[in-house]
Amino acid sequence: MKRVSILGSTGSIGKQTLDVISRYPERFTVEALAGGTNIQLLMEQILRFRPKKVSVASKHLAEELRLHISGVDVLYGDEGLTEIAACTDADFVVTAVVGSRGLKPTLAAIEAGKTIGLANKETLVSAGHIVMELAKRRCVQLLPIDSEHSAIFQCLNGEDISRINKITLTASGGSFRDRSRDELHHVTVHEALQHPNWSMGAKITVDSATMVNKGLEVIEARWLFDLPYDRIEVVIHPESIIHSFVEFVDHSVIAQMGTPDMRVPIQYALTYPERLITPAQPLKLWEIGALHFRPIDFNRYPCLKLAYESGRAGGTAPAVFNAANEVAVARFLKGDIRFLQIEDVIYDVLASHETVSSPALDDILAADEWARRQASAMKTPS
């Protein structure tokens, strides 16, 4: 029986993780849940899965939750998140918290020797060198849950990693993949949230439209697979059938394919190296008819170019890129800035930043905080 804790249980990945777990009650038990602000859904999850500990965003929400449940240890805030990650009997921790606040609890879980199901890409983006060094020292596995990184991980099973020529991450192109830049000046939040292939949270859906999400995945892939950036490529693949692929030195290519369903990579991480039946629909290529691919145009997607530049700069630059984007997306979702101004905010914050080349964790956290202040205060033309 594998004991699982989930950080971000009320989000898209968290809910799908619990769906996977519910299908194999003889294999999994839920040890702890962290659910942020959606306590109504969290209460339903508590009643169904009976965790020993739960955590919410604030003291007020914790007090409210305690009025409705009993027999569960209710925690809150960053300390609660860290306790859910590291201070339970869980063997496996799914880190599905959105944003850089997943970094500290993930590090705590690694330090505690937990196997990590990694769905929080910002952890490796902000502090990849620290996370990977700690995982190596503690002999902890980081199993990717993002569909693209799971695909690469599966393609590399049994292969000699030194024989990789390059890896290619596929991108759907997001909500506006068929629009020119000129057509993006006045797009609405509602339009940005209409992803053609995947059902995801608001922040990651906007990131998909700007291609920031793919940029974060490029930086994450650099750390997960220990490859330089010039051997990590991105291609637009509107159907989202090929989730990513690997080219070896003999120019053989191995790809991982399947219908778009996040429960497949989630379950593979939970059951690795086993494979079990999933509720995903089988792939019928004859029904799809054709698969299409487009090269990346960095002029069309400047945020992806900024991600590569930040990754190559290293140090605190990726953390600043990520933090500036988080604030910019939040401002867009509130109607404070327009869609294309997201990239303006990221560019200006990065241009103002003096990169620390070999940062300690405190340096990264300070850079993150600085970037958020800059991005929040930045004025953009109306």
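The rules behind these values
Residues numbered from 1 in each chain as written. Predicted model: local features only at pLDDT ≥ 70, side-chain atom pairs only at ≥ 80, totals over all residues. Heavy atoms only, no water. Pairing = 2+ DSSP bridges. Helix = DSSP H or I, 4+ residues; strand = E, 2+ residues; numbered from the N terminus. Contact = heavy atoms within 4.5 Å. Axes fitted to C-alpha atoms, helices over the stretch in contact; angles between N-to-C directions. Salt bridge = Lys/Arg side-chain N within 4 Å of Asp/Glu carboxyl O. Buried < 20%, exposed > 50% of the residue type's maximum accessible area, 1.4 Å probe, protein only. Core = buried A, V, L, I, M, F, W, Y, C linked by side-chain atoms within 4.5 Å. Patch = residues over 30% accessible without salt bridge, like charges linked within 9 Å, V, L, I, M, F, W, Y side chains within 5 Å. Areas by Shrake-Rupley, 256 points an atom, 1.4 Å probe, with all protein chains shown as cover. Parallel < 35°, antiparallel > 145°, perpendicular 65-115°, else oblique. Nonpolar A, V, L, I, M, F, W, Y, C, P; charged D, E, K, R; others polar. Phe/Tyr/Trp six-rings, centres within 6.5 Å; stacked < 30°, edge-to-face > 60°.

A. Main features of the sheet that holds strand β9 (residues 232–236). Strand order across the open sheet formed by five strands is β11-β10-β8-β9-β12, with mixed pairing between neighbours. The open sheet terminates on both sides in strands that have one partner only, identified here as β11 (253–257) and β12 (294–295). Pairing between strand β8 (residues 164–171) and strand β10 (residues 242–248): five bridges, direction antiparallel. From the neighbouring strand, I167 faces β10, where its bridge partner is V246. In the packing of helix α7 (residues 147–155) onto the sheet, contacts are made with β8, β10 and β11, and the angle to β10 comes to roughly 40°.

B. Spotlight on the pattern of salt bridges. For the coordinates displayed, the defined rule picks out 24 salt bridges. Its salt-bridge partner being E111, residue R138 comes within 3.8 Å of it at the nearest N-O pair. Placement of R138 in helix α6 (residues 122–138) and of E111 in helix α5 (residues 103–111) is noted, with a sequence separation of 27 residues between them. Assessed through its relative accessible area of 39%, E111 is described here as partly exposed. Two residues, E343 and R181, come together in a salt bridge whose shortest N-O distance is 2.5 Å.

C. Up close: the nonpolar core. Counting 117 residues, the largest nonpolar core has L65 and F339 as the members making the most contacts within it. A total of nine residues in this core trace back to one element, the largest contributor, which is helix α14 (residues 317–333). Once residues within four sequence positions are removed from consideration, F339 is found in contact with F176, L184, V187, V206, A209, T210 and F332.

D. Expanded view of a nonpolar patch on the surface. A cluster of nonpolar side chains, contributed by M257, L285 and I288, occupies part of the molecular surface with about 220 Å² of accessible area. Summarising the element assignment, L285 is placed in helix α12 (residues 285–288).

E. Region of interest: the packing of helix α13 (residues 302–313) against α14. Here α13 crosses α14 at 150°, and the two axes come no closer than 7 Å. Between α13 and α14, the angle is such that the two are roughly antiparallel. Facing C303, L306, A307, S310, G311 and A313 of α13, the residues of α14 in contact are A317, P318 and F321. Of the residues that constitute the contact of α13 with α14, the class distribution is seven nonpolar, two polar and no charged.

F. Structural detail: the sheet that holds strand β2 (residues 28–34). The strand order across the open sheet built from seven strands is β4-β3-β2-β1-β5-β6-β7, with neighbouring strands paired in parallel fashion. If you trace the sheet from one side to the other, it starts and ends with β4 (73–76) and β7 (142–144), each paired once. Sheet twist, expressed as the mean angle between neighbouring strand axes with direction ignored, is 25°. As defined by bridge partners, strand β1 (residues 2–7) adjoins strand β5 (residues 92–95) across four bridges and the pair is classed as parallel. Bridge pairing in β5 links I6 to V94. Packed onto the sheet, helix α1 (residues 12–22) meets β1, β2 and β5 and runs at close to 165° relative to β1.

G. View of the pairing of β9. In terms of burial, β9 is largely enclosed, as four of its five residues are buried. Of the strand pairs in this sheet, β8 and β9 are connected by five bridges, and their pairing is parallel. Along β9, the bridge assignment pairs I167 with I232.

H. Representation of α7 in the model. Burial of α7 is extensive: nine of the nine residues sit out of reach of the surface. Considered for burial, the residues of α7 that qualify are S147, E148, H149, S150, A151, I152, F153, Q154 and C155. Where α7 is buried, its residues contact β7, β8, α10 (212–225), β10, β11 and α11 (263–271).

I. Here's a closer look at the packing of aromatic side chains. If you walk through the whole model with that rule in mind, you get seven aromatic pairs. Ring centres of F153 and Y272 lie 5.0 Å apart, and the angle between their planes is 55°; on these two criteria the pair is classed as tilted. Taken together, the positions of F153 in helix α7 and Y272 in the loop between α11 and α12 put the pair 119 residues apart, joining distant regions of the chain. Among the residues examined, F153 registers a relative accessible area of 19% and is labelled buried.

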